[in-house]
Each structure stands twice: as structure tokens, then as C-alpha cells.
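Structure at a glance
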Amino acid sequence: MTPLDRQLGLRLLGLHQLVYERSGGLIGHRLGHIQMLLLRTRGRKSGEQRTAALLYLADGDRYVVVGSKGGSDAPPAWLLNLESDPAVEVQVGTRRFAATARQATRGERGRRWPKMTRLWPDYERYQSQTRRKIPLIILEPVS
């Protein structure tokens with residue numbers, strides 16, 4: 001992927017997220033063959049709410065997302081925010097709910113990573129180009 005391709009991809013993802021948010025989730029949950037959720041975290045430095053549109057895997061009443069940042073050695077900002085405050089808001093389509101985020105255990109990752117790479121095969125490439133173990137994050141609704 002060239003830097004120009006990456007820049008275009010990031011702009012398209014930003015536009016997708018904007019449409020998802022502005023439509024209240026009526027548009028944006030599905031993006032081609034994948035489903036996206038909106039993850040709202042609290043900025044670890046600013047304290048401001050931050051939103052990320054992420055591909056997800058439904059796992060019962062939980063959701064699984066990947067902290068890949070395109071295979072960068074640096075983790076995505078939303079993942080760093082979760083380390084400071086695991087209390088999040090999740091939006092799946094028009095449904096919004098409070099959740100707690102945690103990193104998948106080794107066993108959970110072993111079972112779910114193959115499912116995630118079937119959804120988005122580039123995750124394998126991302127993992128091969130970074131030294132860090134790309135984490136899977138489990139989003140568990142708060143009762």
C-alpha cells in the first residue's frame with residue numbers, strides 16, 4: 001500500500017464515520033460485506049470523547065474489535081485510551097450502549113483471530129509487518 005493509498009483510505013474511513021454518526025446509525029453500519037461499530041472512548045490526555053469506526057465480530061452479546069492501526073508498531077489512540085479508562089460507549093447501527101473494554105485472553109485471541117482474519121484478511125498482513133502482538137479487544141455490555 002502506497003502512502004497515497006493509505007491517505008485516501010483514511011479519508012474515506014473518516015467520511016464513513018461522519019455519515020454513520022450524523023445519520024444516528026441509519027447509514028454506515030454495513031460497509032460492503034463487513035459491519036462497523038462506533039467505539040467512543042475518553043481521551044487519556046484531553047478527557048474529551050473520541051470516536052473510532054471499527055470492523056467488528058459479534059460474539060454473543062459481546063463485540064470483538066482489533067487494535068491494528070494498519071500494522072503500525074504504534075497502537076491506535078483509541079486502544080491507549082482504553083488502558084486509561086475501559087468504560088466505553090458502543091454504537092452498533094442505531095443501538096447505543098455502555099460497555100467495558102478488555103483485552104482478549106490468549107485463549108480468546110486464539111479462537112477469535114482466525115474469524116477476524118476471515119472478515120478482513122489484511123489483519124494477517126498487518127500482524128506480519130509489526131513487532132507488537134496486535135490485540136483483540138472484547139467489548140462487554142454493562143448490565
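As shown above, the structure is provided for reference.
Here is a short report on the structure shown in this document.

Definitions and limits used
Residues numbered from 1 in each chain as written. Predicted model: local features only at pLDDT ≥ 70, side-chain atom pairs only at ≥ 80, totals over all residues. Heavy atoms only, no water. Core = buried A, V, L, I, M, F, W, Y, C linked by side-chain atoms within 4.5 Å. Buried < 20%, exposed > 50% of the residue type's maximum accessible area, 1.4 Å probe, protein only. Helix = DSSP H or I, 4+ residues; strand = E, 2+ residues; numbered from the N terminus. Contact = heavy atoms within 4.5 Å. Phe/Tyr/Trp six-rings, centres within 6.5 Å; stacked < 30°, edge-to-face > 60°. Salt bridge = Lys/Arg side-chain N within 4 Å of Asp/Glu carboxyl O.

Here we come to the nonpolar core. One finds Leu37, Trp78, Val90 and Leu139 to be the most contacted residues of the largest nonpolar core, which totals 18 residues. Of all the secondary-structure elements, those providing two or more residues to this core are strand 2 (34-42), strand 3 (49-55), strand 5 (62-66), helix 2 (77-84), strand 6 (87-92), strand 7 (95-103) and strand 8 (136-141). Those residues in contact with Val90 that sit more than four places away from it in its chain are Leu37, Leu38, Leu39, Arg95, Arg96, Phe97, Ala99 and Leu139. One finds Tyr20, Met36, Ala104 and Trp113 within the second-largest nonpolar core, a separate group that totals 17 residues.

Under the criterion given, the structure shown has four aromatic pairs. An angle of 75° between the planes, with centres 5.3 Å apart, marks the rings of Tyr56 and Tyr63 as edge-to-face. Look at Tyr63 and you get buried, because its relative accessible area is 9%. By way of ring pairs, the aromatic residues Tyr56, Tyr63 and Phe97 are connected into one cluster.

All right, on to the pattern of salt bridges then. Counted by the stated rule, this structure contains ten salt bridges. Its salt-bridge partner being Arg62, residue Glu108 comes within 3.8 Å of it at the nearest N-O pair. A residue pair is termed long-range when its members are at least 10 positions apart, and Glu108 in helix 3 (residues 106-119) and Arg62 in strand 5 qualify at 46 residues. Residue Arg96 pairs with Glu89 through a salt bridge whose shortest N-O separation is 2.6 Å. Judged by relative accessible area, Arg96 falls into the partly exposed class, the value being 47%.

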